[in-house]
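Single-letter residue listing:
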Amino acid sequence: MERPHEPVAAQPAVEPRWRRSASGWIGDVGQMMAGVARYDLPLETGQQVSVQFGEKLDESGELVCANEHIYTPRFQTDVLIGAGRRLHWQPEFSYKGFQYLSVTGLGRRPAAGEVVAVPLVQQVRGAVEFECDVPMFSQLVEVMGRTVLNNLHHIPTDTPIYEKNGWTGDVLVSMDTMSGLFDLRRLFTKWLDDVAATQLPSGQLAVIAPSPGWGYEHGECAPAPEWSCPFPGLLLHLADVYGDLGPARRHWQSCRRYLDWELTQITDAVDESGGSTGAGGNFGTGATGGGLASSELGDYLSPGYIDGPPPEDSRLSASCFLHRGLLQGAELAARLDAEPGAEEGRRGSLEAWLDAAESLRGQINEVFLDRERGCYRTASDPHGQYRQTSNLMPLALGIVPEEMRGPVVESLVADVRRRDHHLNTGHIGTSLLLNVLTDAGFGADAFRVATQRSCPSWGSWLDLGATTMWERWNAGARSRDHFFLGTVVDWILTRVAGVRRIAPGWAVVRVQPGLVDGVSRCRTTRPTSRGVLTVDWDLHLGRLSVDVPEAMVCQLELGGPTVVAEAGESVWQIGDR
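Anyway, here's the lowdown on the structure attached to this text. Small disclaimer: the values here were computed from a predicted structure and weren't measured.

**Concerning the environment of Thr198**
Thinking step 1. With respect to the helices and strands, the residue Thr198 is situated in the loop between helix H3 (185-197) and helix H4 (225-228).
Thinking step 2. For the pair formed by Thr198 and Ile208, sequence separation is 10 residues and the distance between their alpha carbons is 8.3 Å.
Thinking step 3. Leaving out residues up to four positions away in the same chain, Thr198 has contacts with Gln204, Leu205, Ala206, Ile208, Ala209, Ser211 and Tyr216.

**Focus: the state of the cysteines**
Thinking step 1. Here the structure, examined in full by the defined rule, presents 0 disulfides.
Thinking step 2. Looking at the unpaired Cys221, the closest cysteine sulfur is the one in Cys229, lying at 17 Å.

**Looking at the sheet that holds strand S16 (residues 499-501)**
Two strands in a sheet stick together by hydrogen bonds in their backbones, pointing the same way (parallel) or opposite ways (antiparallel).
Thinking step 1. Overall, mixed pairing links the 4 strands, which are arranged S16-S17-S21-S22 in an open sheet. Whereas interior strands pair on both sides, the edge strands pair on one side only; in this sheet they are S16 and strand S22 (563-565). Between one strand axis and the next, the sheet turns through 30° on average, direction left out of account.
Thinking step 2. Sheet topology note: the strand S21 (residues 553-556)/S22 ladder contains 3 bridges and is antiparallel. When the bridges of S22 are listed, Leu556 appears paired with Val563.

**Digging into the nonpolar core**
Soluble globular proteins tend to bury their nonpolar side chains together.
Thinking step 1. Among the nonpolar cores identified, the biggest contains 132 residues, and Phe130, Phe137, Leu140, Trp458, Val488 and Trp491 are the most heavily contacted of them.
Thinking step 2. Ranked by residues supplied to this core, first place goes to helix H7 (residues 315-337) with 10 residues.
Thinking step 3. The residues contacting Trp491, other than those within four sequence positions of it, are Phe137, Leu434, Asn435, Thr438, Ala446, Phe447, Ala450, Val496 and Val516.
Thinking step 4. Membership of the second largest hydrophobic core comes to 18 residues, among which are Val29, Leu41, Val49 and Phe53.

**As for the sheet that holds strand S11 (residues 129-132)**
Thinking step 1. The antiparallel open sheet is built from 5 strands, whose spatial order is S11-S18-S19-S20-S23. For this open sheet the edge positions go to S11 and strand S23 (568-573), each flanked by a neighbour on one side alone. Strand-to-strand, the axes of this sheet are offset by a mean angle of 10°, without reference to chain direction.
Thinking step 2. Of the pairings in the sheet, the one linking strand S18 (residues 521-528) to strand S19 (residues 531-538) comprises 8 bridges and is antiparallel in character. Its bridge partner being in S19, Thr525 is matched across the sheet by Thr534.

Basis of the calculations
Residues numbered from 1 in each chain as written. Predicted model: local features only at pLDDT ≥ 70, side-chain atom pairs only at ≥ 80, totals over all residues. Heavy atoms only, no water. Helix = DSSP H or I, 4+ residues; strand = E, 2+ residues; numbered from the N terminus. Contact = heavy atoms within 4.5 Å. Disulfide = S-S within 2.5 Å. Pairing = 2+ DSSP bridges. Axes fitted to C-alpha atoms, helices over the stretch in contact; angles between N-to-C directions. Core = buried A, V, L, I, M, F, W, Y, C linked by side-chain atoms within 4.5 Å. Buried < 20%, exposed > 50% of the residue type's maximum accessible area, 1.4 Å probe, protein only.

Below you can see the structure in the form of structure tokens.
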């Protein structure tokens, strides 16, 4: 049977740099990788050699090889037992995430070629070439690219070292970044089949895909619409990025049953003191009452909350993401109905989801919007502190009432500046912060957050030697090879580069140099479903060069009226800004 997606293939072996340790020898391959070791060792009969793999070293320089959630004496460990001859072996049914190897029982330094690291890489094509005059941004693009590749092994995993699960929420916030770096049409299409396979007769989806039957019940990180809502989002993403409605056609019924199930889970809104808010919406009849969605997860791993869930009321994040999912489902219904020969029957779902989304939006604003303070907050916010993600979600997802948008943006900017341009976000808010700031006209503030060097920041990771994105902001991050906090790269590839897709299938793009103060020169090349788009600009020279493929409308924002670049190469002057 032909594989529906690109294979995982071994790459050229890497020779570790060896040094003595208290227990044997430590090898360093120079950067994080997902893969295995290949052995070519002469071993005596009964001689036992143990090789452990890990991402980091402890303060004494010894390998850290432990799983804080599951104990096993064989975690990331190969055990080789000699038979009196040379052993040639490479694992075939497992892989590890690592930068370091610890060899014990050999009795000497491994000779060249005896223990080498073999990266295993999904053979997806690159989707961008990027360079600019801020070296840190080019470095972050490289680091995130390595992180994503290390976490593509037939499914998108959450880390190559630990459980290797396909956590749906990780992809939900990262899909734009991931497909901005690589052509993931085939892999995402295949993974949607895995997501669909987790669906229960009720319509519920698991928070991981594939699932062994876990991820549905309370205590199993469920319910969590911020995780289990990838269906409408990823189906729409495939249509927008690759012009492919095929997965939406194939999974329409599963998507419909999922969203309808989510609506049955909405409960009457109750504030944290136990009293009804008295602000019921109208989602319909039966179990679909006027209220809010709930979640066990929320904005995961925000600074200071290393156990996972943040302190704020997670009904806010659950309801915001369900609101977006309903709108995405309605958009899918409209596009599918617009196809020639489309089947009837989607109009009812479209109208019901739009009504439900509007009622949910009203309930979110009724319960969480403080009009006097001009911000969103919950009763469980610690010491009444401002929570960035609580305000980013309504801003980014179209929930803020128009008359309150200015005050809410001002409150966000004020908090960012009050924190000396540090973020205070988990996986959700991190994916939104820089884009929201830039789109609101605060690109200079976004630049300062992005280039921050003290914790919490991407710069602090780089200063600690990171070669991949980490799972947590602090230096004690459980995994140092985890992509869901690396979504700064979406901002780099869109707002910094000044290149955004604004119509499905790259039919229309907008090019706007200089959106982010601090960046003066940038060049990016993107293979799209319509051909290769190249954009190269230099503010010092006042020059923009574009190479536009056929059948793409390229709108240029150069300081005056919008102009359209024709297909082919052209050079433009950038006007006064």
